[in-house]
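Structural overview
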Amino acid sequence: MAAEATSWQKEQVSRAYVHALATQGGYTLCDWNVDKDGVDVTLRSRGLMVDIQLKCTQSPRTVRSGYSFDLDIETYDKLRDPERSAPGHLALLIVPPDIGRWVTHQSDSIVLACHGYWASLHGMGHAAGSSTTAIHLPEHQELTVKAMGTMFDAARRMTNSAGLGLN
Amino acid sequence: MVDNGPDFGPGEIRSYLKVTGWAPVSGGDVAELWSLPGPADEVVLVPMKPGAPDFAKRTRILLQDLARVESEEVQTVHDAIATVYHDVTDLRASHPSLSDGSIPLESGYELFVSAKRLRVASAAATIRRQGHFRNFPTRARDQAREVRLGQTRRGSYIVPIISQARSQEDVYSPRQDHIDVQVEETLFDRRVTATMSRALGVLEDMAGAEREPTRSEINDSIGEGVSYELCQALTRVVNTESVSAIDVSFNWSRVAAPPPGTPARVEFNGDAINIVDRVSEQLKTKVYTSEHVIYGVVTDLSRHPEDDTGRVGVQTLIQRRSRTVWMNLADGDYHTAVRCHDAGIPVRVRGTLTSPPGGQARMNVAGFGPDPSLGADD
């Protein structure tokens, strides 16, 4: 049976995955080494921002039509807060159980055997549990460059309320 | 500061962006986007909810963006935003021996005490113009309790005094029919700083002149806010062994125009202090004179076509309570009163005030015009 990767290794491969997608999408990125407010990476595009908490697993829990992840309530509450100035998301990255298969070298490329799913937590309700809450990550919400565009659409809506008295 | 959350909120950020050329492009309840016109096409996000869990981080990102755009240190931008509503008066003691950033205890003590003395003397002169106060008005002593002391800075020894300022556009509207006590309290802070700046400027001019100031020049300086106590606040510092000069610089809030005619910086070395000492002696011993100063808005105007003077009511704060002071103004001053009323410009009036309890407050006017501490025209 393959050895469990360290949490550091899982965190770094998640960041690498998000970095690659953000680069392709033309988004800049702030990396937060110390996660004090429930956010690991912030994507940026012309003033707009999108916050993501990254989780990585070698053994995802599958549920009907997707995955489920138990997120601690403290992080959940920070990411769902309706007063945030940028939307908060959870991204679940899935890597093979065998760390030797995470990266494959080919003649003209390297292949990262990592794929992810995302869920928007912004504005969600109070959690029922006291320590963790199960977040559903639907299988159609794959973490892709296009998905990042959708996240920015939500961020744009937050800065576009009607009837503002800007002066 | 920034790591523990910023020392300011969205109001300060928006005001700072406005005065540095940024303009809002879109906004909601939780965030706004501001852009800076120009080839770089910069856009920044302003978080609007200080209680949100991401407010500190969002502000940190904003500070980094602004520091990059302005080619400044993050701390410099932070300080500029944190003090955007404040006038900061830097009191600096200098001497070759202070270059290591430390100061002898005695000199440091005098510098701190002088900061308060300068403030109280200036506040007293903002209420009454008098050569020697003996007893300060209560409002003047109270005011010194409201101003703040900033972090001292290394190098020479600098004590920053932080006081409130208010944007001209946030003051009064045209044809204002009453004063706002809260606005007046903030304006008083700015008026005190303006009085201090003007008084120290006049004192520096007298100290730097080639001849000794005349009795009449000293008398006139009282009208600009110079007093025995103000002079003493300066001489006490410079007369300590390890201070060779004191300079005072005024960093006016970026949202409120600097008061016209006030110096940005004044300096008093040992030679100048000798003259300040002599001015101070004359102020202490000269004939006791007193002139009240009131600030407020013109709320009542009445004049018959055939009259030489017009009757004007100025609503003001007397002992922190709103009162209307009545006065008769000659043609020129009356027209100024009409103009100030129509434009919503606060006025400053000097003269002899009688305000019997329960009776009508009246002033025999010696000087009437737009309040010069707010950047108003003269």
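Model, not experiment: these values are computed from the prediction. (Residues numbered from 1 in each chain as written. Chains lettered and ligands numbered in written order. Predicted model: local features only at pLDDT ≥ 70, side-chain atom pairs only at ≥ 80, totals over all residues. Heavy atoms only, no water.)

Side note on the overall build of chain B
Check the secondary structure of chain B and you find ten helices and 14 strands. Taken along the three principal axes of its C-alpha coordinates, chain B extends 60 × 60 × 40 Å. Burial analysis of chain B (378 residues in total) assigns 55% to the buried set. Look at the contacts in chain B between residues 6 or more apart in sequence, and 66% of them connect residues 24 or more apart. Split by element, the accessible area of chain B, about 16700 Å² in all, is 46% carbon and sulfur. Charged side chains in chain B number 42 positive and 52 negative. The centres of these two groups are separated by 5 Å. (Helix = DSSP H or I, 4+ residues; strand = E, 2+ residues; numbered from the N terminus. Buried < 20%, exposed > 50% of the residue type's maximum accessible area, 1.4 Å probe, protein only. Contact = heavy atoms within 4.5 Å. Areas by Shrake-Rupley, 256 points an atom, 1.4 Å probe, with all protein chains shown as cover. Lys, Arg positive; Asp, Glu negative; His and termini not counted. Charge placed at Lys NZ, Arg CZ, Asp CG, Glu CD.)

Observations concerning helix H10 (residues 331-343) of chain B
Residues and elements named next belong to chain B. With 13 residues, H10 should reach 18 Å at 1.5 Å per residue; the first-to-last C-alpha distance of 18 Å fits that figure. Buried within H10 we find Tyr334, Thr336, Ala337, Cys340 and His341. For H10, the arc enclosing every buried residue in end-on projection is 155°, short of the 170-degree limit, so these residues lie on one face. On its buried side, H10 packs onto strand E10 (290-302), strand E11 (309-318), strand E12 (321-330), strand E13 (347-354) and strand E14 (361-370). Just beyond H10, the residue with positive phi is Gly344, at close to 70°. (Expected span 1.5 Å × (residues − 1). Arc of directions from axis to C-beta.)

Considerations on the pairing of strand E3 (residues 48-57) of chain A
Residues and elements named next belong to chain A. In terms of residue burial, E3 counts as a mostly covered element, since nine of its ten residues are buried. Looking at chain direction, strand E2 (residues 41-45) and E3 are connected through five bridges and run antiparallel. What sits directly across from Leu43, in E3, is Val50. As consecutive antiparallel partners, E2 and E3 are separated by two residues, and within that stretch Arg46 has a phi angle of approximately 45°, a positive value. With seven bridges joining them, E3 and strand E6 (residues 88-94) adopt parallel strand pairing. (Pairing = 2+ DSSP bridges.)

Quick notes on the confidence of the model for chain A
Detailed conclusions should not be drawn from predicted coordinates in areas where pLDDT is low. Averaged over every residue, the pLDDT of chain A is 91; residues scoring 70 or more account for 93%. Confidence drops under pLDDT 50 across residues 163-167 of chain A; counting only partners more than four residues distant or on other chains, this segment forms eleven contacts. (pLDDT = per-residue confidence, 0-100.)

Examining the interface of chain A and chain B
At the interface, 26 residues of chain A touch 28 residues of chain B. Buried surface at the junction of chain A and chain B, both sides included, amounts to about 2300 Å², of which 54% is carbon and sulfur. The salt bridge involving Arg46(A) is made with Asp41(B); its shortest N-O contact spans 3.3 Å. Counting across the interface, chain A meets chain B through eight residue pairs in polar contact (both at pLDDT 80 or more). Elements supplying a minimum of two residues to the side of chain A that touches chain B: E2 and E3 of chain A. No other element matches the three residues that E3(A) contributes to the side of chain A that touches chain B. Here the residues of the side of chain A that touches chain B sort into ten nonpolar, seven polar and nine charged. (Buried area = accessible area lost by both parts, 1.4 Å probe. Salt bridge = Lys/Arg side-chain N within 4 Å of Asp/Glu carboxyl O. Polar contact = N/O pair within 3.5 Å; in protein donor to acceptor, adjacent residues only side chain to side chain. Nonpolar A, V, L, I, M, F, W, Y, C, P; charged D, E, K, R; others polar.)

Considering the nonpolar core
The biggest cluster of nonpolar side chains holds 51 residues, and the ones touching the most others in it are Val18(A), Leu43(A), Ile52(A), Leu93(A), Leu121(A) and Leu143(A). The residues contacting Leu93(A), other than those within four sequence positions of it, are Ser14(A), Tyr17(A), Leu54(A), Lys55(A), Cys56(A), Thr57(A), Cys114(A), His115(A), Gly116(A) and Leu143(A). Membership of the second largest hydrophobic core comes to 41 residues, among which are Ala121(B), Leu203(B), Ile222(B) and Phe250(B). (Core = buried A, V, L, I, M, F, W, Y, C linked by side-chain atoms within 4.5 Å.)

Here's the deal with the packing of aromatic side chains
Residue and element names in this part refer to chain B. Here the structure, examined in full by the defined rule, presents four aromatic pairs over all chains. Pairing Phe133 with Phe136 gives two aromatic rings, centres 5.6 Å apart and planes at 35°, and the pair type is tilted. Taking 5.7 Å as the distance between ring centres and 15° as the angle between the ring planes, the aromatic pair formed by Phe250 and Trp252 counts as stacked. The residues Phe250 and Trp252 share a single accessibility class, namely buried. A cation over an aromatic ring shows up here: Arg311 above the ring of Trp326, its NZ or CZ 4.2 Å from the ring centre. (Phe/Tyr/Trp six-rings, centres within 6.5 Å; stacked < 30°, edge-to-face > 60°. Lys NZ or Arg CZ within 6 Å of the ring centre and 35° of its normal.)

Some remarks on the layout of surface pockets
All names here are of chain B. When its volume is computed, the largest pocket comes out at roughly 710 Å³. In terms of lining residues, the largest pocket is bounded by 24 residues, among which Asp79, Thr83, Val88, Arg153 and Ile162 are the most central. Elements that contribute at least two residues to the lining of the largest pocket include exactly helix H3 (74-82), strand E4 (86-94), strand E6 (148-149) and strand E7 (157-164). If one sorts the elements of the lining of the largest pocket by residue count, H3 sits on top with six residues. Broken down by class, the residue content of the lining of the largest pocket amounts to nine nonpolar, nine polar and six charged. There are two domains that each give the lining of the largest pocket at least three residues, and those are domain 1 (10-83) and domain 2 (86-285). Taken as a whole, the second largest pocket holds about 580 Å³ of empty space. Taken together, 22 residues line the second largest pocket, and the ones lying closest to its centre are Ile127, Arg139, Leu317, Ile318 and Gln319. Put simply, the parts of the chain that give the lining of the second largest pocket at least two residues each are helix H4 (105-127), helix H5 (138-146), helix H6 (181-208), E10 and E11. Its residues assigned to classes, the lining of the second largest pocket shows nine nonpolar, six polar and seven charged. For the lining of the second largest pocket, the domains that each give at least three residues are domain 2 (86-285) and domain 3 (290-370). (1 Å grid on protein atoms, 1.4 Å probe; cavity = no way out; pocket = protein on both sides within 12 Å on 5 of 7 lines; lining within 4 Å. Points joined across faces, edges and corners; volume = space filled by probe spheres on them. Domains from an automatic or database assignment.)

Structural notes on the environment of Ile222(B)
Residue and element names in this part refer to chain B. Its place among the elements puts Ile222 in helix H7 (residues 215-223). With a relative accessible area of 5%, Ile222 lands in the buried category. For the pair formed by Ile222 and Pro370, sequence separation is 148 residues and the distance between their alpha carbons is 19 Å.

Some remarks on the pairing of strand E1 (residues 23-27) of chain B
Note: E1(B) against strand E2 (residues 31-36) of chain B, four bridges, orientation antiparallel. Among the inter-strand pairings, Ser26(B) is bridged to a residue of E2(B), identified as Leu33(B).

Digging into the environment of Thr57(A)
Residue and element names in this part refer to chain A. Tracing the chain through its elements places Thr57 in strand E3. Separated by 76 residues in the primary sequence, Thr57 and Thr133 place their C-alpha atoms 17 Å from one another. With residues up to four places along the chain from it excluded, the contact list for Thr57 reads Lys10, Leu92, Leu93, Ile94 and Val95. Among the polar contacts listed, one links the side chain of Thr57 to the backbone nitrogen of Ser59, at a separation of 3.0 Å.

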